[in-house]
Amino acid sequence: MVKLLNILFVEDDAIEVMMFNRVIQKIGINHKLIEASNGENALEILNAKEIIPDIILLDLNMPKLNGIEFLKIIKNNEALKHVPIIIFTTSNNHRDISDCYKIGIAGYIIKPLKYDDYLVLVQKTLEYWSCNELM
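Note that this is a predicted model, so its numbers are computed, not measured. (Residues numbered from 1 in each chain as written. Predicted model: local features only at pLDDT ≥ 70, side-chain atom pairs only at ≥ 80, totals over all residues. Heavy atoms only, no water.)

A. The arrangement of the sheet that holds strand β1 (residues 6-10) in detail. Taken together, 5 strands build an open sheet; the order of strands is β2-β1-β3-β4-β5 and the sheet is parallel. In the strand order of this sheet, the two ends are held by β2 (32-36) and β5 (107-110), each with one partner. Sheet twist, expressed as the average angle between the axes of neighbouring strands with direction ignored, equals 20°. In this sheet, β5 lies alongside strand β4 (residues 85-89) in parallel orientation, the contact comprising 4 bridges. (Pairing = 2+ DSSP bridges. Helix = DSSP H or I, 4+ residues; strand = E, 2+ residues; numbered from the N terminus. Axes fitted to C-alpha atoms, helices over the stretch in contact; angles between N-to-C directions.)

B. Looking closely at unusual backbone geometry. Even without being a glycine, lysine 49 presents a positive backbone phi close to 55°. Position of lysine 49 among the secondary structure elements: in the loop between α2 (39-47) and β3 (55-58). Within the chain, lysine 64 stands out as a residue other than glycine whose phi angle is a positive 70°. Counting through the fold element by element, lysine 64 comes out in the loop between β3 and α3 (67-75).

C. Focus on the environment of asparagine 76. Here asparagine 76 shows up in the loop between α3 and β4. Residues asparagine 76 and isoleucine 103 lie 27 residues apart in sequence; the distance between their C-alpha atoms is 9.6 Å. A distance of 2.9 Å separates a polar atom in the side chain of asparagine 76 from the backbone oxygen of lysine 72. (Polar contact = N/O pair within 3.5 Å; in protein donor to acceptor, adjacent residues only side chain to side chain.)

D. A look at the environment of glutamate 44. Here glutamate 44 lies in helix α2. Under the relative-accessibility criterion, glutamate 44 is labelled exposed at 54%. Distance in space between the C-alpha atoms of glutamate 44 and histidine 82 is 18 Å, their sequence separation being 38 residues. (Buried < 20%, exposed > 50% of the residue type's maximum accessible area, 1.4 Å probe, protein only.)

E. Region of the structure containing the nonpolar core. Counting residues in hydrophobic clusters, the biggest one holds 23 residues, and the most contacted among them are Leu8, Val10, Ile56, Leu58, Phe70, Ile87 and Cys100. At the level of elements, β1, β2, α2, β3, α3 and β4 are the ones that each hand at least two residues to this core. Among the elements that line this core, the one with the most residues is α3, at 4 residues. Not counting chain neighbours up to four residues away, the residues in contact with leucine 58 comprise Val10, Gly67, Phe70, Leu71, Ile85, Ile86, Ile87 and Phe88. (Core = buried A, V, L, I, M, F, W, Y, C linked by side-chain atoms within 4.5 Å. Contact = heavy atoms within 4.5 Å.)

F. Representation of the packing of helix α1 (residues 14-27) against helix α5 (residues 115-131) in the model. Contact geometry of α1 with α5 gives a least axis separation of 10 Å together with a crossing angle of 65°. Our pair here, α1 against α5, has a crossing hand that is right-handed. Residues Glu16, Met19, Phe20, Arg22, Val23, Ile24, Lys26 and Ile27 of α1 lie in contact with α5, whose contacting residues are Tyr115, Tyr118, Leu119, Val122, Gln123 and Leu126. A per-class count over the contact of α1 with α5 returns 10 nonpolar, 1 polar and 3 charged. (Left-handed = near helix turned anticlockwise from the far one by under 90°. Nonpolar A, V, L, I, M, F, W, Y, C, P; charged D, E, K, R; others polar.)

G. Spatial organisation of the pattern of salt bridges. This model, assessed by the stated rule, comprises 5 salt bridges. Among the ionic pairs, lysine 81 bridges to glutamate 78, the shortest N-O distance being 3.0 Å. Residue aspartate 99 is joined to arginine 95 by a salt bridge in which the shortest nitrogen-to-oxygen separation is 3.6 Å. Linking aspartate 99 with arginine 95, this pair stays in helix α4 (residues 94-103), spanning 4 residues, or about one helical turn. The exposure class of arginine 95 is exposed, given its relative accessible area of 61%. When salt bridges that share partners are traced, they join Glu11, Glu16, Asp59 and Lys111 into one network. (Salt bridge = Lys/Arg side-chain N within 4 Å of Asp/Glu carboxyl O.)

Shown next, in the form of structure tokens:
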């Protein structure tokens, strides 16, 4: 049985956000998607405490507050540090990967260039997290 997820999608690229939304619609599972255009915006959403996401999909390269800075803040927050954060980025830089795992991410996914590959990757990721017992 697939449970619906509250997903915080932190991404500054409008085209990427549109593509992610299209994939969610195509998958046909009505996960609740909360969008944040950068780390500062995501912190505002989380601090409002209206909804605690089940998972956070986080881009690294963003203005104002980048992904690693955001990650450090969340992992030092007692109320939010348990939320699984999956890095969803174009960066295959070994240092980024290593730094993110040291801080405490749940996974690191490099965005594929082809739409069909992107669709499969997002679908598998959401299927996996839909089966996990989350806090």
